[in-house]
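# Understanding the architecture of this molecule
Take a look at the letters that make up each chain.
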There are 2 protein chains.
Amino acid sequence: MENFKVNNPTTLHFGKDVISSLGKVVSNYGKKALLVYGKGSIRSNGIYDQVMAQMQQTGIRVVEYSGIKSNPLIEDVDAAAALGRKEKVDMILAVGGGSVIDSAKIISITIPVAHSGWDFYTGEAKPETAIPLVSVLTLAATGTEMNPFAVVQNEAEKKKLGYGHKLIYPLHSFLDPTYTITVNAGYTAFGIADLMAHSLELWFGEGEAPLTDRFILSIMQEALEAGPLLMNDLNNYDLRARIMFAATMALNGMTAYGKARGDWGVHAFGHVLSLMYDVPHGASLTIVYPAWMRVLLPRIRKRLEMLFLGLFGDPDPNKGIDKLESFFHSLGCPVRLAEFSVGEQSRDDILDVMRENQSNGAVYPLNEQEMERMVEAFFSLKS
Amino acid sequence: MENFKVNNPTTLHFGKDVISSLGKVVSNYGKKALLVYGKGSIRSNGIYDQVMAQMQQTGIRVVEYSGIKSNPLIEDVDAAAALGRKEKVDMILAVGGGSVIDSAKIISITIPVAHSGWDFYTGEAKPETAIPLVSVLTLAATGTEMNPFAVVQNEAEKKKLGYGHKLIYPLHSFLDPTYTITVNAGYTAFGIADLMAHSLELWFGEGEAPLTDRFILSIMQEALEAGPLLMNDLNNYDLRARIMFAATMALNGMTAYGKARGDWGVHAFGHVLSLMYDVPHGASLTIVYPAWMRVLLPRIRKRLEMLFLGLFGDPDPNKGIDKLESFFHSLGCPVRLAEFSVGEQSRDDILDVMRENQSNGAVYPLNEQEMERMVEAFFSLKS
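Residues numbered from 1 in each chain as written. Chains lettered and ligands numbered in written order. Predicted model: local features only at pLDDT ≥ 70, side-chain atom pairs only at ≥ 80, totals over all residues.

## Digging into the packing of helix H7 (residues 185-203) of chain A against helix H8 (residues 210-231) of chain A
Residue and element names in this part refer to chain A. Going by this rule: Where helices are involved, their axes are fitted lines through C-alpha atoms of the stretch in contact, as for all axes, and angles between N-to-C directions lie from 0 to 180°. Elements are defined by DSSP. Helices are runs of H or I of four residues or more, strands are runs of E of two residues or more, and each kind is numbered from the N terminus. Here the angle decides the label: under 35 degrees means roughly parallel, over 145 means roughly antiparallel, 65 to 115 means roughly perpendicular, and every other value means oblique. Working rule for handedness: look at the near helix, and if it is turned counterclockwise from the far one by less than a right angle, call the crossing left-handed; if clockwise, right-handed. Residues are treated as contacting if the C-beta atoms built from their backbones sit within 7 Å of each other. All amino acids are sorted into three groups, where Ala, Val, Leu, Ile, Met, Phe, Trp, Tyr, Cys and Pro are nonpolar, Asp, Glu, Lys and Arg are charged, and the leftover types, Gly among them, are polar.
Their axes nearest at 10 Å, the elements H7 and H8 cross at an angle of 165 degrees. Comparing the axis directions of H7 and H8 gives the class roughly antiparallel. For the element pair H7 and H8, the recorded crossing hand is left-handed. Between H7, through Ala185, Thr188, Ala189, Ile192, Leu195, Met196, Ser199, Leu202 and Trp203, and H8, the contact on the second element is made entirely by Ile216, Ile219, Met220, Ala223, Gly227, Leu230 and Met231. A per-class count over the contact of H7 with H8 returns 13 nonpolar, three polar and no charged.

## Section: the relation of the copies chain A and chain B
Between the two copies of the chain lies a relationship made up of a rotation around an axis and a movement along it. Applicable threshold: A least-squares superposition brings the copies together, and it is based on the C-alpha atoms of residues with pLDDT no lower than 70 in both.
Mapping chain A onto chain B calls for a rotation angle of 180 degrees and an axial translation of 0.0 Å; the resulting RMSD is 0.0 Å. What the rotation and shift describe, once combined, is the action of a two-fold rotation axis. Distance from the rotation axis, computed per C-alpha, reaches its smallest value in chain A at A:Phe215: 3.0 Å.

## Notes on the sheet that holds strand E6 (residues 133-137) of chain B
Under the convention used in this document: Between any two strands, at least two bridges found by DSSP are needed for them to pair.
Strand order in the open sheet made by the seven strands is E1(A)-E2(B)-E9(B)-E6(B)-E5(B)-E3(B)-E4(B), with mixed pairing throughout. The open sheet terminates on both sides in strands that have one partner only, identified here as strand E1 (4-6) of chain A together with strand E4 (61-65) of chain B. Looking at each pair of strands side by side, their axes are set apart by 20 degrees on average, direction ignored. Sheet topology places strand E3 (residues 32-36) of chain B next to E4(B); five bridges connect them, and they run parallel. Opposite B:Lys32, over in E4(B), you have B:Arg61 as the bridge partner.

## Side note on the sheet that holds strand E5 (residues 91-96) of chain A
Taking strand neighbours across the sheet as the criterion, the seven strands line up as E4(A)-E3(A)-E5(A)-E6(A)-E9(A)-E2(A)-E1(B) in an open arrangement whose pairing is mixed. Two strands bound the open sheet, and with one partner strand each, they are strand E4 (61-65) of chain A together with strand E1 (4-6) of chain B. When the angles between neighbouring strand axes are averaged without regard to direction, this sheet yields 20 degrees. Of the strands in this sheet, strand E3 (32-36), E5 and strand E6 (133-137) of chain A are in contact with helix H5 (residues 98-110) of chain A, which crosses E5(A) at around 165 degrees.

## So, helix H14 (residues 368-377) of chain A
All names here are of chain A. Basically, it comes down to this: Buried residues are those with 20 or more other C-beta atoms within 10 Å of their own C-beta, exposed residues have 12 or fewer, and partly exposed residues lie in between; C-beta atoms are placed from the backbone. The arc refers to the directions leading from the helix axis to the C-beta atoms.
Taken together, the buried positions of H14 are Met371, Met374, Val375 and Ala377. Within H14, the buried residues cover an arc of 155 degrees as seen down the axis, which keeps them to one side. Across from the buried face of H14, at angles greater than 90 degrees, the exposed residues are Glu368 and Gln369. Buried residues belonging to H14 abut helix H11 (281-312) and helix H13 (347-357).

## Regarding the domain arrangement of chain A
Residue and element names in this part refer to chain A. Just so we agree on the cut-off: Residue ranges for the domains originate in an automatic or database domain assignment.
Domain parsing of chain A yields domain 1 (11-180) and domain 2 (185-377). A separation of 26 Å is found between the C-alpha centroids of domain 1 and domain 2. Tallying the contact residues gives 20 residues for domain 1 and 26 residues for domain 2. Of all the secondary structure elements, the ones that give two or more residues to the side of domain 1 that touches domain 2 are strand E2 (11-14) and strand E8 (159-164). Of the residues in the side of domain 1 that touches domain 2, the class split is eight nonpolar, eight polar and four charged.

Shown next, in the form of C-alpha cells:
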C-alpha cells in the first residue's frame, strides 16, 4: 500500500428534506450569497423556490448567475466571478449538477483574485483563499459534491481540463435523492456511466490496496444492480438514493486510499469528444472505455480479469468488455461515436486534438499506434 | 436508505514514516502537550523516542501521564485530566492503542470542566469544549483513531460503558503500520476480531443500505483474507498495513451511512466479560458473537444468510456460524469462557451484571430466556 492522507472537509447532508437546514447552514458564512445554477430546470421543478424560501427565512440576500452549460465554459466562470466580486458576496450557493458545482468551485477561487479562472488551469495563478461554497446537488453523477476537483471547458483554446485544489471542496453539500427524480432517462444513464468510469479510473490506478479495490468493486456492483432497476423505475426514491450515494462514494477520495494515483486517460479522451462534438460527459466515457480496454487488453489483462470476476463472476476479459459495453448500451448510453452522428472521416481531427491536448493516461499511457486503434474503435462495430 | 450526515474532522496520516510530520502538526495547537500512554511498551520499542524527537525539534514541552490499562480506568482519566489542568497543557498527544486514545478523548473534555470524566457517561456533565487531541496509533483494532467514541471502565460501579460526542474526534491521527509490528500474536488476533465485530455490529444494524452492506462485507472479506496471512507473518509491513487500514474503516462512520444505527449488543455483553474477568476486549467479542448468533438465529436468519454468502460463498447459517467461530479460533482467539478459566458456576453472576448494566442490543434486544441461553453458550462445547 502507498502512504495516503484522509482529510475531507465537506459535510454531506444526505436524504429526504435535508434542504430544511440549508438556510441555517448558509447563514453561518454571511448575509449575501451568489446563487449559481444552470439553464433553469431548477425553476420548473420547484427546487429554486425551495432554495429561495430557505434564504428568505434566514434573511440572506441572493445575487443570481444562471445559464451554466452542461459542458461548463470558462466564460461563465469569469462572468459569475466578476458579478460576485462586484456584489461582494459572502458565499456561493451552487444548485445543480456537476457542471454547476464545478463552475462554482472555480468561481470561489476566482472572486478573490484579478485573474481569469482559466489561469488556475494553466498554472499562471495559484489560489490563496476561497469564498465559502455550499452545494445542492440535483444530478447523481460526478461526485464533485464531496471532492476538490473541477472540470471546465475553454472553447477558444479547444481545451477541457480538470483542476484540483484542497481549497475548492464544498463546505457543505445537500443531497436529496428526491431532487434527482425529474432527471430524464438519458442523463440518469450518463450519471450511472460516470460513476462507473470514476471507479474504473482508480481500478486502473497505481499501487496495490486490496481493501480499496474491494470498495471500488462494491460501488460498481451497486451500479450494476441498482442502475438497471432505476432505469425501469425512474420515480423510485430508494433507487435514486442508491445511485446518488454510489456516485458520491465513487469520487470522494476513498477509492484512492493506498493508491498512488488513478489513470484518468479515459476521462481525458472523453473530454476531447465533449469538446469537439458536445457529447455529454457520461456518454463520452461509455464510448471510450470499451475501446480503451480492448486496445490495452494485453497490458492490463490481470486487472481486467480481477475486475470482471468481481463484476460478472467470470474473469474472461473479452467477454467482460462485451458485457460492460452491453451494460452501458442497455442503460441507453452510446458506445460508438456514430450514435452522435460523427462519421469516420473525423478520425484524424480527433487524433489531432488528443495530441494537442496531450490527453493520455498517467498509469497506462497509450502509444501513438494504440491511440489510433482506440479512435478507430470509437467507430467500428466491434474492434 | 435512512438519512445520514457525513462530517469526519479527523485528518488521517497513513503509511511508513508519517510520524516525520507529527511535530509540525502538533505545534499548530500550542507549545505544551500532555503525552498519554500505556504501560511503557512504547519505551521499549522505540516509538517514545521518535515521538519525543518530534516534540523537541518543534520546541514543544511535554508533560507525561503513563500507565493507562488495556481496559482503561476512569481513575486514570481523572488523574491525567487533573495533571493536564494543573499544567495548563495546550493539547493532548495520545500514543498507544484503543485504551490510550479512548482515555485521551475523555481527558480532552474533562480538563476544561470541574467534573469526573465519568459524569459524561452518566449524563451529569455535557462537554462544551475539548483540548485538541492528536493520536499516534500503535495497535490496529478499535477504530478510535477516526471516530468520536470512547469506552472507559468504572471499577467501583462495575460498569464499562461507551460514550460518543463530536468534540472527541482526534484532530489528527498518525498510523504507521511499522508501529504495529511488535504487537504480539495474541493482541494482533484480538485486533482482527475487533474489526470483524465492529463490522458485524453495523451489519446487524437498522435500515437498508445495500452499498454500505457491500462496504461492510468488503472489510470483513479483507480481514478473512489478510488476517490469517498476517498471523503467519507478523513482521510483514503490507499485511500489517492491510489490517490497520481495515480496522480504521470498520468504525470511522462509513459502515453506518444510510443506516439508522448499529446493534451493539455484543459489545455490551463483551464489556461485561472484560469488566468481570479482565478479558481483553477483542477476546470478549469472539466469545460472545458465535453464542449471540446461535441464540438469535431464528430472528436474524436472512441477515446471517446474506452475510455468510458474502463471506464464505455459502448462505447456510449454521455452517456459517461454525466457520466464523473456527476463523476466530484459528487466529488464536478464545471462543469459550473456559479458555479464561472461568467456570460454569459463574453463569448467574454474569447474568446479574448484564441485567444491572442493562447490556443489550438496540436492534435485536435479547429477552431474558435468550440471554440465559447465550450465557450458557459461553461455556458449552456447542450450543
